[in-house]
Amino acid sequence: MGRGMKAGKKPKTKQPGFSGGGNMQKQLQQAQAMQRQIEQMQAELEEKEFTATAGGGAISVTVSGKKEIRKLEIQKEVVDPDDVEMLQDLIMAAVNEAIRQVEEASESEMSALTGGFGIPGLM
């Protein structure tokens, strides 16, 4: 046992990243800067539009970065009153693909911003 140590006591060790008040302030400033960048990236993403098609272009859907449908185009030749299920399937496929594009763009931009570190609660 070293000098000044009592039985059952562990020696004090410094935790990485917590070396002093100035360092903590710098980390807080960096976190705040990253938060502003994230907010700006989210605002820019919300303004973007993503378009997907299905049925060889028979259905076209445009979705905003907020995942809201902005435009839906249906070619006349795909509208068959005897086969409504096919039309429904094509619309769902196009919408789902457009939403997937939004999520992919969001993940890509967030990864670039955070250096690939997954930060829970963001996006």
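Below: a short report on this structure. (Residues numbered from 1 in each chain as written. Predicted model: local features only at pLDDT ≥ 70, side-chain atom pairs only at ≥ 80, totals over all residues. Heavy atoms only, no water.)

Points about the pattern of salt bridges
Next, step 1: Overall, the coordinates contain 6 salt bridges when judged by the stated rule.
Next, step 2: A salt bridge links Lys-71 to Glu-73; the nearest nitrogen and oxygen atoms lie 3.0 Å apart.
Next, step 3: Judged by relative accessible area, Lys-71 falls into the partly exposed class, the value being 44%.
Next, step 4: You can call Glu-73 partly exposed: its relative accessible area is 34%.
Next, step 5: Put simply, Glu-97 and Arg-100 hold a salt bridge, and the shortest N to O gap is 2.6 Å. Remark: Arg-100 and Glu-97 occur in helix H2 (residues 84–114); sequence separation between them is 3 residues, near one turn of the helix.
Next, step 6: Since its relative accessible area comes to 36%, Arg-100 is described here as partly exposed.
Next, step 7: Each of Glu-97, Arg-100 and Glu-104 takes part in one network of salt bridges that share partners. (Salt bridge = Lys/Arg side-chain N within 4 Å of Asp/Glu carboxyl O. Buried < 20%, exposed > 50% of the residue type's maximum accessible area, 1.4 Å probe, protein only. Helix = DSSP H or I, 4+ residues; strand = E, 2+ residues; numbered from the N terminus.)

Quick word on unusual backbone geometry
Next, step 1: For Lys-67, which is not glycine, the phi torsion reads 65 degrees and is therefore positive.
Next, step 2: Mapped onto the fold, Lys-67 is located in the loop between strand S2 (59–64) and strand S3 (69–74).

Observations regarding the pairing of strand S1 (residues 49–54)
Next, step 1: Where burial is concerned, the two faces of S1 differ: the one with Phe-50, Ala-52 and Ala-54 is buried and the one with Glu-49, Thr-51 and Thr-53 is not.
Next, step 2: By the bridge criterion, 6 bridges tie S1 to S2 in an arrangement that is antiparallel. Bridging from a neighbouring strand, Thr-51 pairs with Thr-62 of S2.
Next, step 3: Taken together, S1 and the strand that follows it, S2, pair antiparallel across an intervening segment of 4 residues, in which Gly-55 is found at a positive phi of about 65 degrees. (Pairing = 2+ DSSP bridges.)

Digging into the nonpolar core
Next, step 1: By size, the foremost hydrophobic cluster in this structure holds 16 residues, and its most contacted members are Ile-59, Val-61 and Val-78.
Next, step 2: Taken together, the elements giving at least two residues each to this core come down to S1, S2 and H2.
Next, step 3: In terms of residue count, H2 provides more of this core than any other element does, 7 residues in total.
Next, step 4: Apart from residues lying up to four places away in sequence, Val-61 is in contact with Phe-50, Thr-51, Ala-52, Ile-69, Lys-71, Leu-72, Ala-94, Val-95 and Ala-98. (Core = buried A, V, L, I, M, F, W, Y, C linked by side-chain atoms within 4.5 Å. Contact = heavy atoms within 4.5 Å.)

A short note on the pairing of S3
Next, step 1: Here S2 pairs with S3 via 5 bridges, running antiparallel. Each residue of the ladder has a partner; that of Ser-60, found in S3, is Glu-73.
Next, step 2: Linking S2 to S3, which pair antiparallel, is a turn of 4 residues; within it Lys-67 sits at a positive phi near 65 degrees.

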